[in-house]
Amino acid sequence: MNSAYSTDSQYIHPSILNADFMRIGEELDRISTADSVHVDVMDNNFVPNITFGASMVEQITRRSPLPVDAHLMIDDADRQAPAFAEAGASSVTFHLEAAKAPVRLARELRRKNAAVGVALRPATPVEPLLDVIGEFDLLLLMTVEPGFGGQSFLESMLPKIRRARSAISESNLEVSIQVDGGVSRETIERCAEAGANVFVAGSAIYRAQDATEEISALRELAAAHSAH
């Protein structure tokens, strides 16, 4: 299976949830050295917040050369997720909790030329997913409750990351593990050591004086503490 991600590499995906939306073009330029733009899509149903739709993904792809990593925190993913691949997202991640037929949806998204991720809320166990994890390019383990940026990292998610990485490695699969929530210089090392290799960072990057420098620092810390 071809994947947009290599488990031997470390990826930094700044979340525009923490950007200044009045200056979104400039805010995209600030993160030009990142590996992807992370777009949090919320519908005020699956999570108690509302953000962007597929049109925002389409506009970002026109404005920025960076790939778009769309994280769908929305209900009825089976019906709604394909529109984000059609809008140009390089990677589309939907929540297992919001999909009735996740394997079928993954295959549909791949037919639309998107890499596919599956996400789990903190309280959702990873074990029931492991039998079909090879259908996905990416496993997103939320390290905060989804819905709002700027939350504190949940240390209790580290064993979950380790269990997932161990199971994926034992099956000789090329599935990356992404973490999203409270990722910063203080927490990225532990996430990398546990087995994550794709890191969503919002406030850590957008509140930094120099976003380029912050992206570089996070990438170096992740590489230095990689489980590989």
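This is a predicted model, so every value here is computed, not measured.

This paragraph deals with the overall build of the protein. If you tally the helices and strands in the protein, you get nine helices and eight strands. In terms of overall size, the protein behaves like a compact globule, its C-alpha atoms giving a radius of gyration of 16 Å where 228 residues would be expected to give roughly 17 Å. Dimensions of the protein, computed from C-alpha atoms along their principal axes, come out at roughly 45 × 40 × 30 Å. Counting all 228 residues of the protein, 56% fall into the buried class. Across the protein, every contact between residues at least 6 apart in sequence was considered, and the portion connecting residues at least 24 apart equals 64%. Total accessible area on the protein stands at roughly 9700 Å², and carbon and sulfur atoms take up 46% of it. With 20 positive and 32 negative side-chain charges, the protein shows a spacing of 4 Å between the two charge centroids.

For the structure on display, the rule yields three aromatic pairs. Seen in terms of ring centroids, Phe 21 and Phe 52 are 5.4 Å apart; in terms of plane orientation they differ by 85 degrees. Their pairing is edge-to-face. You can see Phe 21 sitting in the loop between strand E1 (11-14) and helix H1 (24-30) and its partner Phe 52 sitting in the loop between strand E2 (37-42) and helix H2 (54-63), a full 31 residues away along the chain. With relative accessibility at 12%, the residue Phe 52 sits in the buried group. Taking the ring centre of Phe 46 as reference, the NZ or CZ of Arg 121 above it sits at 4.2 Å.

Definitions and cut-offs
- Residues numbered from 1 in each chain as written.
- Predicted model: local features only at pLDDT ≥ 70, side-chain atom pairs only at ≥ 80, totals over all residues.
- Heavy atoms only, no water.
- Helix = DSSP H or I, 4+ residues; strand = E, 2+ residues; numbered from the N terminus.
- Rg over C-alpha atoms; globule rule 2.2 N^0.38 Å.
- Buried < 20%, exposed > 50% of the residue type's maximum accessible area, 1.4 Å probe, protein only.
- Contact = heavy atoms within 4.5 Å.
- Areas by Shrake-Rupley, 256 points an atom, 1.4 Å probe, with all protein chains shown as cover.
- Lys, Arg positive; Asp, Glu negative; His and termini not counted.
- Charge placed at Lys NZ, Arg CZ, Asp CG, Glu CD.
- Phe/Tyr/Trp six-rings, centres within 6.5 Å; stacked < 30°, edge-to-face > 60°.
- Lys NZ or Arg CZ within 6 Å of the ring centre and 35° of its normal.

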